[in-house]
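Now for the letters of each chain:
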Amino acid sequence: MSNSTVNFYALARSFSSPDIVVIVTYFLLNIAVGIWSSCRVSRNTLSGYFLAGRDMAWWPIGASLFASSEGSGLFIGLAGTGAAGGIAVTGFEWNATYVLLALAWVFVPVYISSGIVTMPEYLGRRFGGERIRTYLAVLSLLLSVFTKISTDLYSGALFVQVCLGWNLYLSTVLMLVVTALYTIAGGLAAVIYTDTLQTFIMIIGAIILTITAFNEIGGYGNLEHVYSMAIPSKIIPNSTCHLPREDAMHLFRDAVTGDLPWPGMTLGLTILATWYWCTDQVIVQRSLSAKNISHVKGASILAAYLKLLPFIFIILPGMISRALYPDTVGCVDPEECVRVCGAEVGCSNIAFPKLVIELMPSGLRGLMIAVMMAALMSSLTSIFNSSSTLFTMDIWKKHRQRASEKELLLVGRIVTVILVVVSVVWIPILQSANSGQLYVYIQSVTSYLAPPVTAVFTLAIFWTRTNEQGAFWGLMVGLVVGVCRMVLEFAFPPPRCGIVDSAPAVLRSVHYLHFAILLCGLTAIIVTIVSLLTPPPSHEQLCNLTWWTLTEEPPREIPLQKVSSVSHRSSQGSETTRRGTCGQGTCGRGTGLCISAARRSEETPTPRVQNIKESVFWSRFCCVNAIMVVSINIFLYAYFA
């Protein structure tokens, strides 16, 4: 950011000693939890480092699912988009409820029965061949760097810069060092337990801030009125972009003219959410670390309840921030915006940090900075751990089939360091491309690259006729179309206020969420046509790998294969084993979901198995809770629509 922003940061009230005490205590607590959890699980085995020994309970996993998705990018992004356009962005959070339940009830049973560790590995087993597996591993790593790590870093550093007046890069490097340290040392167990601590701190801090903000405007009843009056003093003549939206308090917006049109927010969003919650390594890896399927369901239900909260704790405070500080948060004049936050296109991203500086008393301000650090670090640790798992298991292991466990763990840790460096380099590019709304950047990039993956995973699980050629060409066509749209988007960024839009009509008339629907549909059609024109998949590529072919077997404890022996299993040996397994049980959809007999590893003692069978009581208990959370969700949608 330019030096002209100094006058804004000069406003950052000087930090008092209580603030510093709170922040230091928080960091020490974090490191203590990281060390404690690392000691509980063996980190020297792949299963221990990458899957936390498959022995996690539902509550830390649920908290970790929530914390991983609520990075600082979401704190800054949701509050900023709330400030710019009202409550419609809540749909991104509430939509997760349905997909989280699909993850636990549909996707995870298939993943567990197939005995996989990474998502590309699942497609490798389901379709055979290596090209899809490699492509998905590379795509996931790229998406991690461009949409997750860099946006989280940028927003976390922006927050620290606004609050402390430090240099953007100094703040970034400091947070990265602490985060990378315990990820590299502790593996997934450290990540999940520190996430649980951070969820707790995030919610407490956000509750205090929300109550303070509502007191400032005189309660929820006044919100709509004060928000509609939030007009900056410097405006651009003959334009309307300084006016708050008239539909700010509506969740569903016009299908054609809305900034977040309702067909895109229902169908298009579900496609992106399915990619994120059901097929993305960061999330699924947490669910796979659970003790059993009841814990997976409990974790998803807890995360679904927690996802109802950001509307109250992040989005509404973002709107209040604009109402209280229209000249800074709601600025439209490019010169004024550069002076305020260093970006010509607008300053809605500073909505949340601005509120913290202005409203929080000393000590609590330190707590809120700790909250933002918590959000940043929890999402970063998640991504670092998952990305190193992907690289190690799907790329490195393929080229070095005889690699020892020590070597694989070392590679995983080195990859974490490389990811950190690449992300820091990407930040300046993100700053200039940023359309003033960080959240929109994250979602639009995702909607150009993720829909083909959603289509392929859904067809792989639900349609047994899907084969390797169909999936591969579907992904390739989807990639080409998506990248073309993304290049156009970066070539013609949304114009600032009062400037004529020179973008081609196709870019502005097809909203990015509508584009996601079209792209997913196109991929599905290509997968279907190519699959029908080529030979069907073999029996081995279906058994225990689709929803309809989970084997019915007597519920006995079966040792899960050692993680490290996954990819270099001899194809012949495994095929006979698998044929044997699937021949004995009828390979069909039964009443209970039972796990396949996984192959034993001779070299090492086997880790705990995850069992797909669950007790009737817990099964019913989870179902009742799932129905409750869906009912609450539908009521909220109906009330705010």
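Residues numbered from 1 in each chain as written. Predicted model: local features only at pLDDT ≥ 70, side-chain atom pairs only at ≥ 80, totals over all residues. Heavy atoms only, no water.

**Focus: the confidence of the model for the protein chain**
Detailed reading of the predicted model is not advised wherever pLDDT is low. As a reminder of what qualifies: Known as pLDDT, the predictor's per-residue confidence is scaled from 0 to 100. Residues count as neighbours in contact if any of their non-hydrogen atoms are within 4.5 Å of one another.
On average, residues of the protein chain carry a pLDDT of 79, and 82% of them reach 70 or more. Contacts from residues 552–581, a stretch scored under 50 in pLDDT, to residues over four places away or in other chains number 77 contacts.

**A short note on the environment of A83**
Worth spelling out the cut-off: For the purposes of this entry, the term helix denotes a DSSP run of H or I that reaches at least four residues, the term strand denotes a run of E that reaches at least two, and both are numbered from the N terminus.
Mapped onto the fold, A83 is located in helix α5 (residues 72–85). Along the chain, A83 and V329 lie 246 residues apart, while their C-alpha atoms are 7.6 Å from each other. Each residue touching A83, except ones within four places of it in the same chain, is listed here: Y227, G318, M319, R322, V329 and A351.

**Remarks on the pattern of salt bridges**
Using the following cut-off: Note on definitions: salt bridges are taken to be side-chain nitrogens of Lys or Arg within 4 Å of carboxyl oxygens of Asp or Glu. For the exposure calls, accessible area comes from a 1.4 Å probe over protein chains only, and a residue counts as buried if that area is under 20% of its type's maximum, exposed if over 50%, partly exposed in between.
Counted by the stated rule, this structure contains 14 salt bridges. The salt bridge partner of K234 is E336, with a shortest N-O separation of 3.6 Å. Placement of K234 in the loop between α11 (223–228) and α12 (262–278) and of E336 in helix α17 (residues 334–341) is noted, with a sequence separation of 102 residues between them. Look at K234 and you get partly exposed, because its relative accessible area is 43%. A salt bridge links E336 to R339; its shortest N-O distance comes to 3.1 Å. Placement of both E336 and R339 in helix α17 is noted, with a separation of three residues, approximately one turn of the helix.

**Points about empty space enclosed by the protein**
How we decide: Grid points spaced at 1 Å and placed over the protein atoms alone form the basis of the search, with a cavity being a set where a 1.4 Å probe fits but cannot get out and a pocket an open set showing protein on both sides within 12 Å along at least five of seven lines. Lining residues have an atom within 4 Å of a point. Grid points are joined across faces, edges and corners, and a volume is the space filled by probe spheres set on the points. Just so you know the grouping, Ala, Val, Leu, Ile, Met, Phe, Trp, Tyr, Cys and Pro go in nonpolar, Asp, Glu, Lys and Arg go in charged, and all remaining residues, Gly too, go in polar.
Enumeration over the complete set of coordinates arrives at six cavities of 30 Å³ or more. Quantified by volume, the largest cavity comes out at close to 440 Å³. If you go around the largest cavity, you meet 27 residues; those closest to its centre are S69, L74, Y276, I442 and Q443. When contributions to the lining of the largest cavity are tallied by element, the ones reaching two or more residues are α4 (58–69), α5, α6 (91–94), α9 (131–164), α12, α19 (364–399) and α21 (438–449). Of the residues assigned to the lining of the largest cavity, the class counts are 13 nonpolar, ten polar and four charged.

**Focus on unusual backbone geometry**
With phi around 65 degrees, N544 is a residue other than glycine that occupies positive phi space. Along the polypeptide, N544 turns up in the loop between α25 (512–533) and α26 (571–584). Looking at N544, the relative accessible area reads 2%, which means it is buried.

**A word on the nonpolar core**
Where we set the bar: Throughout this description, the term nonpolar core refers to a set of buried Ala, Val, Leu, Ile, Met, Phe, Trp, Tyr and Cys residues connected via side-chain atoms within 4.5 Å.
Counting residues in hydrophobic clusters, the biggest one holds 167 residues, and the most contacted among them are Y111, Y122, L123, W277 and F352. Ignoring any residue separated from it by four or fewer positions in sequence, one finds F352 in contact with F75, A79, F159, L209, F313, M368 and M372.

**Remarks on the packing of aromatic side chains**
Note the threshold: To pair, rings of Phe, Tyr and Trp, with the six-membered ring standing in for Trp, must have centres within 6.5 Å; the planes then decide the type, stacked if under 30 degrees apart, edge-to-face if over 60, and tilted in the middle. Should the NZ of a Lys or the CZ of an Arg lie within 6 Å of a ring centre and within 35 degrees of the ring normal, that charge is described as sitting over the ring.
Under the defined criterion, the tally for this structure stands at 18 aromatic pairs. Aromatic pair Y276 and W277: ring centres 5.1 Å apart, planes at 90 degrees, arrangement edge-to-face. By relative accessible area, which is 17% here, Y276 ends up buried. A relative accessible area of 4% means that W277 is categorised as buried. Here the aromatic rings of F635 and Y639 are separated by 6.1 Å at their centres, their planes lie at 25 degrees, and the arrangement is stacked. Here F635 and its partner Y639 are both found in helix α27 (residues 616–640), four residues apart, which amounts to about one turn of the helix. Among the aromatic residues, ring-to-ring pairing joins W94, F252, F311, F635, Y637, Y639 and F640 into one connected group. Its end group placed over the ring of F472, R131 keeps NZ or CZ at 3.8 Å from the ring centre.

**Description of the environment of A375**
Note that A375 resides in helix α19. Looking at A375, the relative accessible area reads 0%, which means it is buried. Once residues lying within four places of it in the same chain are set aside, the contact partners of A375 are E70, G71, S72, F75 and M202.

**Observations concerning the packing of helix α7 (residues 96–114) against helix α22 (residues 451–462)**
This is how it is decided: To get an axis, a line is fitted to the C-alpha atoms, and for a helix only the part in contact is used. The angle between two axes follows their N-to-C directions and goes from 0 to 180 degrees. These descriptions rest on fixed angle ranges, namely under 35 degrees for roughly parallel, over 145 for roughly antiparallel, 65 to 115 for roughly perpendicular, and the rest for oblique.
Look at α7 against α22: their axes get within 11 Å of each other, and the N-to-C directions meet at 70 degrees. What the angle tells us is that α7 and α22 run roughly perpendicular. Between α7 and α22, the residues in contact are V106, F107, V110 and Y111 and F457, I461 and F462, respectively. Within the contact of α7 with α22, the residues separate by chemical class into seven nonpolar, no polar and no charged.

**As for the state of the cysteines**
One covalent bond between the sulfur atoms of two cysteine residues makes up a disulfide. We count it as follows: Two cysteine sulfur atoms form a disulfide, by the criterion used here, when they sit within 2.5 Å.
This structure, assessed with the given rule, holds one disulfide. The disulfide partner of C331 is C337, and the gap between their sulfur atoms is 2.2 Å. Judged by the torsion about the S-S bond (125 degrees), the C331/C337 disulfide is right-handed. Like C337, C331 is buried. Just so you know, C623 is unpaired, no disulfide at all, and the nearest cysteine sulfur is the one on C622, 6.9 Å from it. With relative accessibility at 30%, the residue C623 sits in the partly exposed group.

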